[in-house]
Amino acid sequence: MINFKESIAEKLSKIVEGLDKDEILSMLEVPADSKLGDYTFPCFRLAKVMRKSPAIIAKDIAEKLDDNSIFEKIENVNAYVNMFLNRKAFMSEVIKEVADKKDRYGSSDVGQNRTVIVEYSSPNIAKPFHIGHIRSTVIGHSIYKIYDFLGYKTVRINHLGDYGTQFGKMIVAYKRWGKEEDVKKAPIQTLLEYYVKFHEEAEKDPSLEDEARETFTRLENGEEEEVRLWQWFRDESLKEFNRVYEMLGIEFDSYAGESFYSDKMKPVIDKMREKNLLIESEGAHIVDLSEYNLSPAVIMKKDGSTLYITRDIAAAIYRKDHYDFYKNIYVVASQQNLHFQQWIQILELMGYEWARDCVHVPFGLVSLEDGTMSTRHGRVVFLEDVLNKAVEQTKNIILEINVNTDNLDVTAKQVGIGAVIFNELSNNRIKDYVFSWDKVLNFDGETGPYVQYTHARAASVLRNAGDDFDYALENMEELDMNYISSDSAHELAKMIYAFPDVVLEAAEKYEPSIVTRHIVDIAQGFNRFYHNEHILVDDVAEKRAKLLLVYATKQTIKNGLHLLGMEAPERM
Ligand code: ARG
């Protein structure tokens, strides 16, 4: 596709003295008000070199830049050169590109097949998969989709929290109060009850904590009984997690979690020793990070057991050896900022020149309207329940507002689960937010249902157009783009045109909400176009041209939804 900004910079560089194309490129702006053109070039900076007033310079440039194939008109207002694109040429370029790339519109090969690891979800086994986990799961999945779309070779890792002293607690609790049948009936719910009970009892009898520590050590040493119970908890937990992943349409390439690294610690500790990083403090081995304004990191406890951070260091090294990543992305809550700062600093001190290719992508907290959650006290909202509720409620809404669907269950699932995903990806990830059902399922707000509904509306227009749409697609060259050169059509085309850049920006900033917001804009732009202009008019030439824009819009929304991990229903 023609890069219009680049061609403008190219043309300007031939007229403007003393600035090269790249400098001009960085000065070109897109005016907030489109009455001031599609692009504008401010001339203030030129005044010094050219020893003329910016307004005179702008006037000069505007005259020299006079009309040609890409401009409809050039206007000079004060110190600005306002450029209006040739709407017909622009429109046909955009539509041709979408029709050519289809499901790949917006993709690119910037990734050059380099390997990017995206680690996300990573829940703790034997603990509820609760609403708080939605964030890493959904944000990470979208980041994976975006990188994949940009031509990177992606590896999706679920770094399960399947190791650590909490399993000592769980095993102690099970042995004391547990019943096999109960666990089999409702594994996580039951294990959670045991875990809660452990903490209650341990408050009365602190020796339980010691027992839990010893039990964990036995697990680390591979004692049969402990390993058997741990494996059983893990299997049952994964079954539950996988139900949720299936609902969300999420898969992983690897479930290598913390336990996977339990036997890979020794060389890591040895290397730290060799680099003189470890110091002893009250029997434990720590790395002093005061020089970097970070608190010390405990690497090995007095009893020789390793910690969360030790396993993360081992994991990064393993991933580099195993995948030779270009980037290693961790989508983990901002509560763990300190952990990741320490971790990356230690990797650097260990001399790994790839340390800074590891990226922590943090996000804020989700809370519920009636207060936050705490696993310890057992007040928890299961993610699976939230997703089921979303589907149920969507079903009711669909029946109420008489949505057009040929399969109620499928549509309710696509829309209900999509609504939760979309809501999750609507705000800057770093912001805390409050989960509210009214917001999630609102069909008119800036929501998933609204965007999906707009997509389905475009699909329905194309269906109703029948042969005329097929004709339009096949004979694009001969259609008259004049019919789609109104303001609302042009604005819509501009947003479609911007989509590939939006995808790039989302990848660079690890921020799927950039895609989310853009497809909301496109949906709103489409609805303006749809309401301002009749599409299925009698005049065939006019109808066919308009159908092309409907098509390009539909395709772009669909691609955007897919990058968020959502379905794009044809009927709603
Ligand atoms: N299991 C951890 C938790 O639930 C998240 C793991 C994040 N990933 C990592 N490599 N540390 O808090």
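Here the structure is shown first, and the text comes after it.
Throughout what follows, the structure given in this document is the object of discussion. (Residues numbered from 1 in each chain as written. Predicted model: local features only at pLDDT ≥ 70, side-chain atom pairs only at ≥ 80, totals over all residues. Heavy atoms only, no water.)

**A look at the packing of aromatic side chains**
Next up, step 1: This model, assessed by the stated rule, comprises 30 aromatic pairs.
Next up, step 2: Between F44 and Y80, the aromatic rings sit 5.6 Å apart at their centres with planes inclined by 85°, giving edge-to-face as the arrangement. In this pair, F44 is assigned in the loop between strand 1 (39–42) and helix 3 (46–50) and Y80 in strand 3 (residues 80–85), connecting sequence segments 36 residues apart.
Next up, step 3: On the basis of an interplanar angle of 75° and a centroid distance of 5.6 Å, the ring pair of Y174 and W232 is categorised as edge-to-face. (Phe/Tyr/Trp six-rings, centres within 6.5 Å; stacked < 30°, edge-to-face > 60°. Helix = DSSP H or I, 4+ residues; strand = E, 2+ residues; numbered from the N terminus.)

**Considerations on helix 5 (residues 87–101)**
Next up, step 1: Compared with an ideal rise of 1.5 Å per residue, which puts 15 residues at 21 Å, helix 5 spans 21 Å between its outermost C-alpha atoms and is within 8% of the ideal.
Next up, step 2: Each element contacted by the buried residues of helix 5 is listed here: helix 1 (4–15), strand 2 (71–77), strand 3, helix 19 (467–474), helix 20 (487–508) and helix 22 (540–564).
Next up, step 3: Of the residues that open helix 5, the one with a side-chain oxygen 3.1 Å from the backbone nitrogen of K88 is N86.
Next up, step 4: Once helix 5 finishes, K102 follows within two positions and takes phi at roughly 50°, a positive value. (Expected span 1.5 Å × (residues − 1). Contact = heavy atoms within 4.5 Å. Polar contact = N/O pair within 3.5 Å; in protein donor to acceptor, adjacent residues only side chain to side chain.)

**Describing the sheet that holds strand 4 (residues 115–119)**
The pairing of strands in a sheet comes from backbone hydrogen bonds and takes either a parallel or an antiparallel form.
Next up, step 1: Read from one edge of the open sheet, four strands run 5-4-9-10, paired in parallel fashion. In the strand order of this sheet, the two ends are held by strand 5 (153–157) and strand 10 (358–361), each with one partner. On average, each strand axis in the sheet is tilted by 20° relative to the strand beside it, whichever way the strands run.
Next up, step 2: As defined by bridge partners, strand 9 (residues 327–331) adjoins strand 10 across four bridges and the pair is classed as parallel. Following the sheet pairing, Y330 is matched in strand 10 by H360.
Next up, step 3: Each of strand 4, strand 5 and strand 9 is contacted by helix 13 (residues 308–323), which is oriented at about 140° to strand 9, the strand it contacts most. (Pairing = 2+ DSSP bridges. Axes fitted to C-alpha atoms, helices over the stretch in contact; angles between N-to-C directions.)

**Comments concerning the site of the ligand**
Next up, step 1: As a matter of local geometry, the ligand sits amid E119, S122, N124, H159, Y308, D312, Y330, V332, Q336 and F340.
Next up, step 2: Note that a nitrogen atom of the ligand is positioned 2.7 Å from one of the side-chain N or O atoms of Y308.
Next up, step 3: Note that an oxygen atom of the ligand is positioned 3.1 Å from one of the side-chain N or O atoms of Q336.
Next up, step 4: Considering the ligand on its own, with 340 Å² of exposed area, one finds that the protein chains cover 87% of that surface.
Next up, step 5: Across the shell around the ligand, the residue classes break down as four nonpolar, four polar and two charged. (Near = heavy atom within 4 Å. Areas by Shrake-Rupley, 256 points an atom, 1.4 Å probe, with all protein chains shown as cover. Nonpolar A, V, L, I, M, F, W, Y, C, P; charged D, E, K, R; others polar.)

**Considerations on the layout of surface pockets**
Next up, step 1: Estimated volume of the second largest pocket: approximately 760 Å³.
Next up, step 2: Lining of the second largest pocket is provided by 30 residues; of these, K5, Y39, Y497, A498 and D501 occupy positions nearest its centre.
Next up, step 3: Secondary-structure elements contributing two or more residues to the lining of the second largest pocket are helix 1, helix 2 (21–27), helix 5 and helix 20.
Next up, step 4: Per-element tally for the lining of the second largest pocket: the top contributor is helix 20, with seven residues.
Next up, step 5: Its residues assigned to classes, the lining of the second largest pocket comprises 16 nonpolar, six polar and eight charged. (1 Å grid on protein atoms, 1.4 Å probe; cavity = no way out; pocket = protein on both sides within 12 Å on 5 of 7 lines; lining within 4 Å. Points joined across faces, edges and corners; volume = space filled by probe spheres on them.)

**Here's the deal with the pairing of strand 9**
Within a regular beta strand, the side chains point alternately toward one face of the sheet and then the other, so they alternate between its two faces.
Next up, step 1: Within strand 9, five of the five residues are buried, which leaves the element mostly enclosed by the surrounding structure.
Next up, step 2: Residue alternation in strand 9 divides its side chains into two sets, K327, I329 and V331 and N328 and Y330, and both sets are buried.
Next up, step 3: Across four bridges, the pairing between strand 4 and strand 9 is parallel. Across the sheet, E119 pairs through a bridge with Y330, a residue of strand 9.
Next up, step 4: In this view, the connection linking strand 9 to its parallel neighbour strand 10 by way of helix 14 (residues 337–349) has right-handed handedness. (Buried < 20%, exposed > 50% of the residue type's maximum accessible area, 1.4 Å probe, protein only. Right-handed = clockwise from strand over helix to strand, strands pointing away.)

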